[in-house]
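Each chain, written out:
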Amino acid sequence: MENSSGIRASLAGRYATALFALATENKAIDKVEASLASLGKAVSESDDLKALISSPVLSRATAATAIAALAKKMKLDGLTTNTLGVLAANRRLDQIPAIIRAFTTLAANHRGEVTAEVTSAHPMDDAQIDALKAQLKKRVGNDVSVSTFVDPSILGGLVVKIGSQMIDNSIKTRLNTLSQAMKG
């Protein structure tokens, strides 16, 4: 389980910690978490949104206007919308994915859950995620919430990260290991 001091050490972690504190104070952890999940899904599926959050040439005002319009269209909660405005003003929209991960971890820790970040070469369906959760629960002894990421470069298999522990069962890693062994 990742501790909150480790999260606060990063730039994204500091934003996530501040947002989590506000969400806790306003009894809105679930609302913020749902908004961030929607935002994360949108970022992963939209090239236009990826371009918006990573563009160094957009002015602060343009980025702020665009992100505010997006937040309104997506019906994001007020705390998340305000945080996006601060990120735009500070030219930190590129931190959104890391902030989402950190906030999710903080919320899971708050509920006493363990969070696993699972990377696969292809999207996983609900049945696969449920089976993985069951296996991870056996391994760690607690309920495990799963954040999934897709990275075609791993070719196949899974990379599972729980706190500081990583289980890399990807084909890419196996091929690299085999290649190193063959070099002698």
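Once a new chain begins, its residue numbering starts again from 1 and follows that chain's sequence as written. A pLDDT threshold of at least 70 governs which residues receive local features in this predicted model, and a stricter bar of 80 or more applies before side-chain atom pairs are shown or counted, although totals over entire chains, interfaces and linings include all residues. Water and hydrogen atoms were dropped before computing side-chain values, which therefore reflect all heavy atoms in the structure.

Trainee: Teacher, can you tell me more about the nonpolar core here?
Mentor: Generally speaking, soluble globular proteins have nonpolar side chains that are buried together. Judged by nonpolar contacts, the single largest core of 34 residues is most densely connected at Val32, Leu39, Leu49, Leu84, Leu93, Ile96 and Phe103. Each helix corresponds to a stretch of at least 4 residues labelled H or I by DSSP, and each strand to a stretch of at least 2 residues labelled E; elements are numbered beginning at the N terminus. Of the residues forming this core, the biggest block, 7 residues, is contributed by helix H7 (residues 96-110). Grouped together as the second largest cluster of nonpolar side chains are 11 residues, Val118, Ile129, Leu136 and Val144 included. In plain words, nonpolar cores are sets of buried Ala, Val, Leu, Ile, Met, Phe, Trp, Tyr and Cys residues tied together by side-chain atoms within 4.5 Å. Accessibility here uses a 1.4 Å probe with only protein chains present; expressed as a share of the type maximum, an area under 20% marks a residue as buried, one over 50% as exposed, and anything in between as partly exposed.

Trainee: How should I be thinking about the layout of surface pockets in this particular structure?
Mentor: If a probe the size of a water molecule is rolled over the atoms, the empty space left behind becomes visible. The rule is simple: put a 1 Å grid over the protein atoms alone, call a set of points where a 1.4 Å probe fits but cannot get out a cavity, call an open set with protein on both sides within 12 Å along at least five of seven lines a pocket, and count a residue as lining if it has an atom within 4 Å of a point. Grid points are joined across faces, edges and corners, and a volume is the space filled by probe spheres set on the points. Estimated volume of the largest pocket: approximately 800 Å³. Taken together, the elements giving at least two residues each to the lining of the largest pocket come down to helix H3 (29-45), H7, helix H8 (126-140) and strand S2 (144-150). The leading source of residues in the lining of the largest pocket is H3, at 8 residues. Its residues assigned to classes, the lining of the largest pocket comprises 11 nonpolar, 6 polar and 5 charged. Gly falls in the polar group here, along with every residue not listed as nonpolar (Ala, Val, Leu, Ile, Met, Phe, Trp, Tyr, Cys, Pro) or charged (Asp, Glu, Lys, Arg).

Trainee: Please clarify how the sheet that holds S2 should be interpreted in this entry.
Mentor: The strands that make up a sheet pair up through hydrogen bonds in the backbone, lying either parallel or antiparallel. Two strands qualify as a pair provided that DSSP identifies no fewer than 2 bridges between them. Here we have 4 strands laid out as an open sheet, ordered S2-S1-S3-S4, and mixed in their pairing. Every interior strand has two partners, whereas the edge strands, S2 and strand S4 (165-168), have only one. Sheet twist, expressed as the average angle between the axes of neighbouring strands with direction ignored, equals 20°. Its contacts with the sheet put H7 on strand S1 (114-120) and S2, and the angle it makes with S1 is roughly 145°. Only the stretch in contact is used when fitting a helix axis, every axis being a line fitted to C-alpha atoms; angles between N-to-C directions are given from 0 to 180 degrees. For this analysis, residues touch if any pair of their heavy atoms sits within 4.5 Å.

Trainee: I keep staring at the packing of aromatic side chains and nothing clicks. Help me out?
Mentor: Each aromatic ring pair is characterised by the separation of its centres together with the angle its planes make. Stacked, edge-to-face and tilted labels apply to pairs of Phe, Tyr and Trp rings (six-membered ring for Trp) whose centres lie within 6.5 Å, assigned for plane angles under 30 degrees, over 60, and everything in between, in that order. For the coordinates displayed, the defined rule picks out 1 aromatic pair. Between Phe20 and Phe103 the ring centres are 5.5 Å apart and the planes differ by 65°, which places this aromatic pair in the edge-to-face class. Remark: Phe103 occurs in helix H7 and Phe20 occurs in helix H2 (residues 11-25); sequence separation between them is 83 residues.

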